[in-house]
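The residues making up each chain are set out below.
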Amino acid sequence: MKKFAVIGYPIKHSKSPLLHEAGFNEMGIDASFEAIEVSPDELGDWMRTDFPDYAGIAVTIPHKEKIKDFIDQLTPAAKSIGAVNTLYRKDGLVIGTNTDCFGVLKALQSECPELKNKKALILGAGGASRATIFALKQAQSIITCWNRTEKKALKLVDEFEINTVSSLDAIQSEDFDIIINTTSVGLKKWQSPVPANFFSPSNIVFDIVYDPLETKFLSEAEQTGCQTITGDKMLVYQALEQFRIWHGIALEPEIMETAFFG
Ligand code: ATR
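Residues numbered from 1 in each chain as written. Predicted model: local features only at pLDDT ≥ 70, side-chain atom pairs only at ≥ 80, totals over all residues. Heavy atoms only, no water.

Around the ligand sit G124, A125, G126, G127, A128, N147, R148, T149, K152, T183, S184 and V185, and that is every residue in its neighbourhood. One of the backbone nitrogen or oxygen atoms of A125 is found 2.9 Å away from an oxygen atom of the ligand. In this structure, S184 approaches the ligand through a main-chain N or O atom, which is 3.4 Å from an oxygen atom. Relative to its free-state accessible area of 640 Å², the ligand is covered by the protein chains to the extent of 66%. Here the ligand is seated within the largest pocket. (Near = heavy atom within 4 Å. Polar contact = N/O pair within 3.5 Å; in protein donor to acceptor, adjacent residues only side chain to side chain. Areas by Shrake-Rupley, 256 points an atom, 1.4 Å probe, with all protein chains shown as cover. 1 Å grid on protein atoms, 1.4 Å probe; cavity = no way out; pocket = protein on both sides within 12 Å on 5 of 7 lines; lining within 4 Å. Sits in = over half its atoms within 2 Å of the grid points.)

The calculated volume of the largest pocket comes to roughly 1,600 Å³. Contributing to the lining of the largest pocket are 49 residues, with T60, I61, K64, L187 and I208 lying nearest its centre. Contributions of two or more residues to the lining of the largest pocket are made by β3 (56-59), α5 (127-138) and α8 (232-247). A per-element tally of the lining of the largest pocket places α8 first, with 4 residues. Of the residues contributing to the lining of the largest pocket, the split by class is 21 nonpolar, 19 polar and 9 charged. Of the residues that make up the lining of the largest pocket, three or more belong to each of domain 1 (2-98 + 234-261) and domain 2 (102-229). (Points joined across faces, edges and corners; volume = space filled by probe spheres on them. Helix = DSSP H or I, 4+ residues; strand = E, 2+ residues; numbered from the N terminus. Nonpolar A, V, L, I, M, F, W, Y, C, P; charged D, E, K, R; others polar. Domains from an automatic or database assignment.)

Considered domain by domain, the protein is made up of domain 1 (2-98 + 234-261) and domain 2 (102-229). For domain 1 and domain 2, the distance between their C-alpha centroids amounts to 26 Å. Interface area, domain 1 with domain 2, both sides summed: about 1,200 Å², of which 78% is carbon and sulfur. Its largest share of buried area at the contact with domain 2, domain 1 owes to I81, M234 and Y237, together 49% of the area lost on that side. Run the count over domain 1 and domain 2 and you get 0 salt bridges. Elements that contribute at least two residues to the side of domain 1 that touches domain 2 include exactly α3 (76-81), α8 and α9 (253-261). (Buried area = accessible area lost by both parts, 1.4 Å probe. Salt bridge = Lys/Arg side-chain N within 4 Å of Asp/Glu carboxyl O.)

Most of strand β6 (residues 93-97) is tucked away: 4 of the 5 residues are buried. Two strands pair when backbone bridges link them, and strand β4 (residues 73-74) and β6 are joined in this way by 2 bridges, in the parallel orientation. Residue pairing across strands places Q73 opposite I95, the latter belonging to β6. Sheet topology note: the strand β5 (residues 86-90)/β6 ladder contains 5 bridges and is antiparallel. Looking at β6, one finds that K90 is bridged to L93. (Buried < 20%, exposed > 50% of the residue type's maximum accessible area, 1.4 Å probe, protein only. Pairing = 2+ DSSP bridges.)

A few words now on the packing of α5 against helix α6 (residues 150-160). Angle between the axes and distance between the axes: these two values describe a pair of packed helices. Axis separation between α5 and α6 bottoms out at 12 Å; the angle between their running directions is 30°. On the basis of their axis angle, the class for α5 and α6 is roughly parallel. Crossing of α5 against α6: the hand is right-handed. Contact residues: S129, R130, I133, F134 and K137 in α5; L156, E159 and F160 in α6. Grouping the amino acids of the contact of α5 with α6 by side-chain chemistry returns 4 nonpolar, 1 polar and 3 charged. (Axes fitted to C-alpha atoms, helices over the stretch in contact; angles between N-to-C directions. Parallel < 35°, antiparallel > 145°, perpendicular 65-115°, else oblique. Left-handed = near helix turned anticlockwise from the far one by under 90°. Contact = heavy atoms within 4.5 Å.)

Our focus in this paragraph is the side chain of S32. Along the chain, S32 falls in strand β2 (residues 31-37). If we skip the residues at most four places from it in the chain, S32 touches M1, K2, K3, F4 and F24.

Okay, here's the thing in structure tokens:
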């Protein structure tokens, strides 16, 4: 039986085992998927002593950057994003990649199939923002980034050739096709990174936060009449890409979506 796992700290609330086990059941794959709590201090030991038993692992907060020290090769996506969320083995090597960008892309395409030349406003400049920027650059969207700490947004300008704004007051939402929240604002709290009257009805609005699924950000966008995309889509699509990498199978999204809501 092949072994898979997600490692993180904390890890209790990870949905990854649920999503991947649903795929194993559907496809009759003889494999296990554990959620393993590995503290930052333990990461090196865990990779040396436990990881050899696993065919692949998913990596989550806070290890997405540090894990690079234990990998033979990074994919271009992982290199550009600067973070790894998936490890797999190929020709005896450990490869680190990032499927978050795939998750963002597929989630956005569910409401907006053609992203080329679409104007996107990305809120936030952390790891999730980098995956989102990478995805939208690949799709040839026109990107503007806003971040609470402007310095961090400015660092992304040279790296990804995007625009930034120092204040939300300096822009009109109607100038954007897509608005994406990649900040942690709204996670388990009824808060939004933008004022309630920020949106325009033509905006497609996506929140990567999925706890709660209906965030204040999305709720206010909906009240304005915008099309909205909930955070479960990104989670499910990034897991589907992991499944494809590990098992060579393109699973139907409904299998993991049902497991998410199950
Ligand atoms: P992740 O890897 O999940 O993206 P991160 O790298 O810690 O997490 O980034 C968190 C993002 O949420 C950052 O853009 C952060 O803004 P700062 O760079 O100014 O810290 C943003 N963020 C967190 N709390 C925020 C708040 N209360 N208001 C606005 N932005 C916030």
